[in-house]
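These are the residues of each chain, in order.
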Amino acid sequence: MPLQPIDQFAKELNPEVNAAIHKATKGRIEGRKNVLFGDFPEANKLREWAGELKRHTISHLDEYLEQTVTKMESNGVQVHFASTVESARTQIVDIYKKNGVTRFCKSKSMVTEELDMRGLMEENDIEVWESDLGEFVVQLDNDHPSHIVTPIIHKNKRQVAETFKQHGLGEYTEDPQTLTRQARKFLREKYLSSTGTMSGGNFVSAESGRVVVVTNEGNCRFGLAGAKVYIAVVGIEKIIPTDEDLTLYLNLLARSSTAQHWSVYTEFMSGPRSENQPEGPEQMHVVFVDNGRTETLASDCREALHCIRCGACLNVCPVFRQASGHAYRHTYPGPIGAVLAPNLVGKEGFPELADLPKASSLCGACNEVCPVNIPIPDLLLKLRYRGKEANAPMSKISAPPMGAWSTMASSPTAWSLALKGGHLMNVFPKSMVPVPSMQTWLKDRTLPAWQGGQFRKWLKQRKKADRSEV
Ligand code: SF4
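Sequence order sets the numbering: in each chain, residues are counted from 1 along the sequence as written. Thresholds applied to this predicted model are a pLDDT of at least 70 for local features of residues and 80 or more for the giving and counting of side-chain atom pairs; totals over whole chains, interfaces and linings are not thresholded and use all residues. Each side-chain value is derived from all of the structure's non-hydrogen atoms; neither hydrogens nor water enter the calculation.

Enquirer: Help me understand the overall build of the protein chain, please; the structure alone is not making it clear to me.
Expert: Each helix and strand counted, the protein chain has 23 helices and 10 strands in total. Radius of gyration here is computed from C-alpha atoms only, and the compact-globule reference equals 2.2 Å multiplied by the residue count raised to the power 0.38. Against the globule reference of 23 Å for 470 residues, the protein chain gives a C-alpha radius of gyration of 25 Å, in line with a compact fold. The dimensions of the protein chain, computed from C-alpha atoms along their principal axes, are 90 × 60 × 45 Å. Here's how the labels work: a residue is buried when its accessible area is under 20% of the maximum for its type, exposed when over 50%, partly exposed in between, all with a 1.4 Å probe on protein chains only. For the protein chain, the residues scored as buried account for 51% of the 470 residues in total. Within the protein chain, counting contacts between residues at least 6 apart in sequence, those at least 24 apart form 73% of the total. Total accessible area on the protein chain stands at roughly 23400 Å², and carbon and sulfur atoms take up 54% of it. Separation of charge centres in the protein chain, based on 56 positive and 54 negative side chains, amounts to 9 Å. Note on conventions: DSSP H or I runs of at least 4 residues are helices, E runs of at least 2 residues are strands, and numbering of each starts at the N terminus. In what follows, residue pairs with any heavy atoms lying within 4.5 Å of each other are defined as contacts. Only the protein chains shown count as covering a residue, and every accessible area follows the Shrake-Rupley method with a 1.4 Å probe. Here the positive residues are Lys and Arg and the negative ones are Asp and Glu; neither His nor the chain ends is included. Throughout, a charge is located at the NZ atom of Lys, the CZ atom of Arg, the CG atom of Asp or the CD atom of Glu.

Dropping the structure here:
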């Protein structure tokens, strides 16, 4: 049986990409631990609290959505709902076209990736510029982000320098500061000539109707300053009950995602500008996107909707580091992507992504770092079961040694024989292992001496002893 797609990606991954991912994620893992636990020694309690609050909110999402819409409309915001990608795309294009917007800058947003915003605007002759530096590089390269927070985690300085040179942004340089200045110069002109702007939303407060966006580059704020029409595209699960709850989530988000005490810019958008405000958009629209979220809410994986997109589970995941974000073939990569993606695509799309929940050792690291305590390993197991029920070919184990292990572990006789013969592994050299791919696998691994196969014998003796005591 051929390798599953995610295994194939990992196998073919360019070593340069692999090195870039390893370097970036290592720094983030250490940084998160130092900053989060340095500031909050009881951080795990905060994670649990944040998870419980999310559980409560998602369980009452209908009520909170209603409250949010009422508040937003009283603030002068025009609210739209889109149950599907097509509906969201149509409504967004309509808003811009109706208002004569022909160019806009947008800040980073994963939900707009779900909608393929750049492709949509190209089809409709509307110019869009990604204003987040990483997303800007993604746009120039006609690529896709490979990480929720760090879209070009798969690229190094040399690759970015080549891209900028190729697009005429300036002289070739690998100096990050100079590269940033080149991008800034290019984008400033786009900001000044844009009549629209767009963002996602990290959180939406039901209490005040505020859309909250965090950035480290101030690009959302720049976009808002000159634009007449602002559209925030937000997943329905981003609602939190009150403004006060932001204290909890913003503190956890910055520390878990980029190991910062606080993101550099936090924007709170309540509505269009008032008569007393000299600047700011004249119109504010919020498009709430469903796109499979209601179905996820009704499923046994609803906890996936608690995600605040910090990216910590990606950084800590050995599979993500080995395979890269593109291996997940969906907007959302990594452990949370392996849960979210197969849910968001619905029943029809599920078989194509059924290999993702299999791509995990269930080590639990993703759950340990998650600021909202999502039990990702449990959800992966549920999806594996779903794959088995659907008899999805992608959910099957294909590659040795796991394929051989699967056959052995599914048969009590084979398992018992394997345990009895396990001690032979201590005697024979690795080169005598009969399966060639096993030999390759063992080349880089030193297995501990076999000590198994004694449990059944021990249990039998124990039962016998118990009986004689009675
Ligand atoms: S699942 Fe948790 S750790 Fe992963 S991105 Fe979402 S909030 Fe962050």
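From this point, things continue past the structure.
Enquirer: For this particular structure, what's the right way to read the sheet that holds strand β1 (residues 78-82)?
Expert: As a general point, the strands of a sheet are linked pairwise by backbone hydrogen bonds and lie either parallel or antiparallel. Strand pairing is assigned whenever DSSP detects at least two bridges linking the two strands. Taken in spatial order, the 6 strands of this open sheet run β1-β10-β7-β4-β2-β3, and their pairing is parallel. Looking at strand neighbours, the two that pair on one side only are β1 and β3 (127-130), the edges of this open sheet. Looking at each pair of strands side by side, their axes are set apart by 20° on average, direction ignored. One ladder, built from 4 bridges, connects strand β4 (residues 196-199) with strand β7 (residues 229-235); its direction is parallel. Note that in β7 the partner of M198 across the bridge is I231. Helix axes are fitted to C-alpha atoms over the stretch in contact, other axes to C-alpha atoms as well, and angles between N-to-C directions run from 0 to 180 degrees. Sheet strands touched by helix α5 (residues 85-98): β1, β2 (103-106), β4, β7 and β10 (283-289). Its angle to β1, the strand with the most contacts, is close to 150°. Seen against the sheet, helix α10 (residues 176-192) touches β2 and β3 and runs at an angle of roughly 135° to β3.

Enquirer: Can you walk me through the packing of aromatic side chains in this structure?
Expert: The way to describe two aromatic rings as a pair is by their centre distance and the angle between their planes. We call Phe, Tyr and Trp rings a pair once their centres come within 6.5 Å, taking the six-membered ring for Trp, and we label the pair stacked below 30 degrees between planes, edge-to-face above 60, and tilted otherwise. Going through the model one piece at a time under the given rule, you end up with 10 aromatic pairs. Here W129 and F136 contribute two aromatic rings whose centre-to-centre distance is 6.3 Å and whose plane-to-plane angle is 55°, an arrangement assigned as tilted. Comparing W129 with F136 shows no difference in burial state: the two are buried. Of the residues examined, F136 reaches a relative accessible area of 0% and is grouped as buried. Three or more aromatic residues link up through ring pairs in this structure, and these residues are W129, F136, F164 and F186. Over the face of the ring belonging to Y249 we find K54, whose NZ or CZ atom lies 5.7 Å from the ring centre. Look at NZ for Lys and CZ for Arg. If either is within 6 Å of the ring centre and within 35 degrees of the ring normal, a charge sits over the ring. Its end group placed over the ring of F350, R386 keeps NZ or CZ at 5.9 Å from the ring centre.

Enquirer: What am I meant to see in helix α17 (residues 346-353) here?
Expert: For an α-helix, 3.6 residues make a turn, and residues three or four places apart therefore share a direction. Residues of α17 that are buried: G346, G349, F350 and L353. The arc that holds the buried residues of α17, viewed along the axis, is 125°, so those residues lie on one side. Exposed residues on α17 whose side chains face more than 90 degrees from its buried face are K347, E348 and E352. Those residues of α17 hidden inside the fold are in contact with α13 (293-297), α16 (334-344) and α19 (376-389). Within this analysis, the arc is defined by the directions that extend from the helix axis to the C-beta atoms.

Enquirer: I'm lost on a positive patch on the surface in this one. Help?
Expert: Side chains of K420, R456, K460, K463, K464 and R467 sit close together on the surface and give a patch of like positive charge. Ranked by residue count, the leading element in the positive patch is helix α23 (residues 455-469), at 5 residues. Looking at the secondary structure, you find K463 in helix α23. Residues enter patches when their relative accessible area tops 30% and they take part in no salt bridge; the joining distance is 9 Å for like charges and 5 Å for the nonpolar side chains Val, Leu, Ile, Met, Phe, Trp and Tyr. Salt bridges are counted wherever a side-chain nitrogen of Lys or Arg sits within 4 Å of a carboxyl oxygen of Asp or Glu.

Enquirer: What exactly am I supposed to notice about the domain arrangement of the protein chain here?
Expert: Per the annotation, domain bounds derive from an automatic or database assignment of domains. Split by domain assignment, the protein chain resolves into domain 1 (5-11 + 294-395), domain 2 (42-291) and domain 3 (402-469). Placing a centre on the C-alpha atoms of domain 1 and another on those of domain 3 gives a separation of 30 Å.

Enquirer: Please clarify how the side chain of H80 should be interpreted in this entry.
Expert: Inspection of the secondary structure puts H80 in strand β1. Those residues in contact with H80, other than ones at most four positions away along the chain, are Q91, I95, H285, V286, V287 and F288.

Enquirer: What should I look at first to understand the nonpolar core in this one?
Expert: Proteins that are soluble and globular tend to have nonpolar side chains buried together. One finds F203, Y249, I336, V339, I374 and I376 to be the most contacted residues of the largest nonpolar core, which totals 60 residues. Each of domain 1 (5-11 + 294-395) and domain 2 (42-291) accounts for three or more of the residues forming this core. When residues no more than four places from it in sequence are discounted, the contact partners of I374 are E303, A304, H306, C307, I336, N367 and L379. Only buried residues count toward a nonpolar core, which is a set of Ala, Val, Leu, Ile, Met, Phe, Trp, Tyr and Cys residues joined through side-chain atoms within 4.5 Å.

Enquirer: How should I be thinking about the pattern of salt bridges in this particular structure?
Expert: When the charged atoms of two side chains with opposite charge come close together, those side chains can pair. As enumerated under the stated definition, the model contains 26 salt bridges in all. The partner of R293 in a salt bridge is E114, and the shortest N-O contact between them spans 2.7 Å. Here R293, found in helix α13, pairs with E114, found in helix α6 (residues 110-114); they are 179 residues apart in sequence, far enough to count as distant. Residue class for E114 comes out buried when judged on its relative accessible area of 11%. The structure contains a network of salt bridges with shared partners spanning K106, E113, R118, E130 and E135.

Enquirer: Whenever I open this one, unusual backbone geometry confuses me. Can you help?
Expert: Excluding glycine, a negative phi dihedral is what most residues carry, and trans is how most peptide bonds are arranged. Look at D125: it is not a glycine, yet its phi comes out positive at around 55°. By relative accessible area, D125 is classed as exposed at 69%. Of note, R309 is a non-glycine position whose phi angle comes to about 60°, a positive value. In this structure R309 comes out as buried when scored by relative accessible area, which is 10%.

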